[in-house]
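Residue-level listing of the chains:
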Amino acid sequence: MSLQTLIIRYTVFAVIATFMNLFFQRMILLIDNSFPYFITAVAVGTLVGLVVKYYLDKRWIFFDHKKGVHHYSRQFSLYASMGIFTTTIFWGFETVFWLIWQSHFMREIGAIIGLAIGYVVKYHLDKRYVFSHDA
């Protein structure tokens, strides 16, 4: 796959995962705007985005067609582990924007900035540790 195709695919998949993440957050925050709901919204949105992005990356970025419960559980655990650091980048930006502006629009701007930075870092971690031929 060419570098240009990789960048386009990875960007489109990041946008899809970001949309799913923010959609689930917004649905939860429509119920209530309080801090406990905010935490729940961020956690649920992050989990949904993670699962969507894992499937798309596995199949269309890294072309990993290995199957089996043992393989999926090990690989998804590694994938999620690599996401811990990058998720803190995302949560940090989103939370800081929320605390400063107290606006859903600005919270989502912070989330988009944090996710963009996090996805670039995550690609390199996944390539090296999750979807390498040794993994």
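Residues numbered from 1 in each chain as written. Predicted model: local features only at pLDDT ≥ 70, side-chain atom pairs only at ≥ 80, totals over all residues. Heavy atoms only, no water.

Enquirer: Describe the overall build of the chain, with residues and values.
Expert: Along the backbone of the chain there are four helices and zero strands. Across the chain, helices and strands are ordered from the amino to the carboxyl terminus as α-α-α-α. Here the C-alpha atoms of the chain give a radius of gyration of 15 Å, agreeing with the 14 Å that 2.2 N^0.38 yields for 135 residues. On the principal axes, the C-alpha backbone points of the chain span a range of 45 × 35 × 20 Å. (Helix = DSSP H or I, 4+ residues; strand = E, 2+ residues; numbered from the N terminus. Rg over C-alpha atoms; globule rule 2.2 N^0.38 Å.)

Enquirer: Got a sec to walk through the nonpolar core? Specific residues and values, please.
Expert: Counting 19 residues, the largest nonpolar core has Ile61, Tyr119, Tyr123 and Phe131 as the members making the most contacts within it. Only helix H1 (3–31), helix H2 (35–61), helix H3 (69–101) and helix H4 (104–130) provide two or more residues apiece to this core. Among the elements that take part in this core, H1 stands out by supplying six residues, more than any other. The contacts of Ile61, once residues within four sequence positions are left out, are Met1, Leu6, Arg9, Tyr10, Phe13, Leu56 and Tyr123. Listed in part, the six residues of the second largest apolar core include Ile28, Leu29, Phe38 and Ala41. (Core = buried A, V, L, I, M, F, W, Y, C linked by side-chain atoms within 4.5 Å. Buried < 20%, exposed > 50% of the residue type's maximum accessible area, 1.4 Å probe, protein only. Contact = heavy atoms within 4.5 Å.)

Enquirer: Could you give me a rundown of the environment of Ser132, with the residues and numbers involved?
Expert: Within the secondary structure layout, Ser132 lies in the segment after H4. In this view, Ser132 contacts Asp126 and Lys127; residues no more than four positions away in its chain are not counted.

Enquirer: Explain the packing of aromatic side chains to me, using residue names and the numbers behind them.
Expert: For the structure on display, the rule yields 13 aromatic pairs. When the ring of Tyr10 is compared with that of Tyr119, the centres are 6.5 Å apart and the planes differ by 90°; the resulting orientation is edge-to-face. Taken together, the residues Tyr10 in helix H1 and Tyr119 in helix H4 connect sequence positions 109 residues apart. Each member of the pair Tyr10 and Tyr119 is classed as buried. Between Phe62 and Phe131 the ring centres are 4.5 Å apart and the planes differ by 10°, which places this aromatic pair in the stacked class. Separated by 69 residues along the polypeptide, Phe62 in the loop between H2 and H3 and Phe131 in the segment after H4 bring together distant segments of the chain. (Phe/Tyr/Trp six-rings, centres within 6.5 Å; stacked < 30°, edge-to-face > 60°.)

Enquirer: Could you give an account of the pattern of salt bridges, naming the residues involved and the relevant values?
Expert: Where charged atoms from two side chains of opposite charge come close, those side chains can pair. Under the counting rule described, the total for this entry stands at six salt bridges. For Glu94, the salt bridge is made with Arg107, and the minimal N-O distance between the two is 2.9 Å. Placement of Glu94 in helix H3 and of Arg107 in helix H4 is noted, with a sequence separation of 13 residues between them. The same class applies to Glu94 and to Arg107, which are both buried. (Salt bridge = Lys/Arg side-chain N within 4 Å of Asp/Glu carboxyl O.)

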